[in-house]
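In case you want the letters, here they are:
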Amino acid sequence: MDTGAALVLTGPGLEESTGDLGGVTAAAAEQARALLRRGATATERLDVDGTAVLVDLLVPVPSVLVVGEGALGAALHAQAGLLGWSARTVTTVDDARAAVAAFTEADVLVLLDHDPAFDAALLDGLAHGRGFLGALGSRRTQAARRERLLAAGVTEDALAAVHGPVGLDLGARTPAETAVSIVAQVVALRAGRSASALASSAGRIGG
């Protein structure tokens, strides 16, 4: 802000850059990418290593890709609508892979179908490292999926990016409650929050 220097970051993960902020270029870019993970357009003044940087971030409307159908799929569409997100359902591996290939940091995959063939969509998502990857299923289903992904060459560290069982532990019993737990996890992760009760935290309330 003091020098008039500018840096423009573009691309799904803000990986393309034009311009230079001097010694804080890399740190400012990383903070901008962190803001992008919230999935919301924002203008913020940041302190980057003692330098005042104004970040004007334009983020596309998050898209929720639901792989599989049923009551939970419908509930996820409803929750996405309440948040102003878009949502669509796919039922084939090819459609899932094509959609994940176009993911931005703001986008969300919720894998409802337990067919091992859909592991390909998770592998694609892990390969480019963008978006939220969530998978439904029992502990047994999660363990089997984990073993398949490890066998496919995914590292233990990389597996941490697959959220399964997806959702927060809210005691959800109905499809609607489960959908709330899933979108709540997405919101908390983007904001860098622990998803604990507000009364038990001392931090700022809200984003």
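Residues numbered from 1 in each chain as written. Predicted model: local features only at pLDDT ≥ 70, side-chain atom pairs only at ≥ 80, totals over all residues. Heavy atoms only, no water.

## A few points about the confidence of the model for the chain
Part 1 of the reasoning: Across the chain, the average pLDDT comes to 90, with 95% of residues at 70 or higher.
Part 2 of the reasoning: Across the chain, element-level confidence peaks in strand E7 (residues 108–111) with a mean pLDDT of 97 and bottoms out in helix H1 (residues 25–36) with 90. (pLDDT = per-residue confidence, 0-100. Helix = DSSP H or I, 4+ residues; strand = E, 2+ residues; numbered from the N terminus.)

## Description of the nonpolar core
Part 1 of the reasoning: By size, the foremost hydrophobic cluster in this structure holds 19 residues, and its most contacted members are Leu65, Val67, Ala96, Val100, Leu109, Leu111 and Leu122.
Part 2 of the reasoning: Counting only elements with at least two residues in this core, the list comes to strand E5 (63–67), helix H3 (93–101), E7, helix H4 (119–128) and strand E8 (132–135).
Part 3 of the reasoning: With sequence-adjacent residues up to four places away left out, Leu65 is seen in contact with Arg88, Val90, Ala96, Ala99, Val100, Phe103, Val108, Leu109 and Val110.
Part 4 of the reasoning: The next biggest cluster of nonpolar side chains, apart from the first, holds 16 residues, and it includes Leu76, Phe132, Val166 and Val186. (Core = buried A, V, L, I, M, F, W, Y, C linked by side-chain atoms within 4.5 Å. Buried < 20%, exposed > 50% of the residue type's maximum accessible area, 1.4 Å probe, protein only. Contact = heavy atoms within 4.5 Å.)

## Structural notes on the sheet that holds E5
Part 1 of the reasoning: Judged by pairing direction, the sheet is parallel, and its five strands sit side by side in the order E6-E5-E7-E8-E9 without closing on themselves. The open sheet has two free edges, formed respectively by strand E6 (86–90) and strand E9 (162–163), since each of these has just one partner strand.
Part 2 of the reasoning: Relative to E9, E8 runs parallel, the two being bridged by two bridges. When the bridges of E9 are listed, Gly134 appears paired with His163. (Pairing = 2+ DSSP bridges.)

## Some thoughts on the packing of H4 against helix H5 (residues 139–151)
Part 1 of the reasoning: Direction vectors running N to C along H4 and H5 enclose 60°, while the axes themselves pass 11 Å from each other. Classed by the angle they form, the pair H4 and H5 counts as oblique. Of the two possible hands of crossing, H4 and H5 adopt the one that is right-handed. Taking contact as the criterion, the partners of Asp119, Leu122 and Leu123 in H4 are, on H5, Arg145, Arg148 and Leu149.
Part 2 of the reasoning: Grouping the constituent residues of the contact of H4 with H5 by class yields three nonpolar, no polar and three charged. (Axes fitted to C-alpha atoms, helices over the stretch in contact; angles between N-to-C directions. Parallel < 35°, antiparallel > 145°, perpendicular 65-115°, else oblique. Left-handed = near helix turned anticlockwise from the far one by under 90°. Nonpolar A, V, L, I, M, F, W, Y, C, P; charged D, E, K, R; others polar.)

## Focus: the pairing of E7
Part 1 of the reasoning: Side chains Val108 and Val110 of E7 all project onto a buried face; the interleaved residues Leu109 and Leu111 project onto the opposite face, where all are buried too.
Part 2 of the reasoning: Here four bridges tie E5 to E7, and the two strands are oriented parallel to one another. Opposite Leu65, over in E7, you have Leu109 as the bridge partner.
Part 3 of the reasoning: Alignment of E7 against E8, held across four bridges, turns out to be parallel. Along E8, the bridge assignment pairs Val108 with Phe132.

## Regarding unusual backbone geometry
Part 1 of the reasoning: Cis geometry marks the peptide bond from Gly164 to Pro165, where omega comes out at -5°.
Part 2 of the reasoning: Here Pro165 is to be found in the loop between E9 and helix H7 (175–191).
Part 3 of the reasoning: For Asp49, which is not glycine, the phi torsion reads 50° and is therefore positive.
Part 4 of the reasoning: Structurally, Asp49 is set in the loop between strand E3 (42–48) and strand E4 (51–57).

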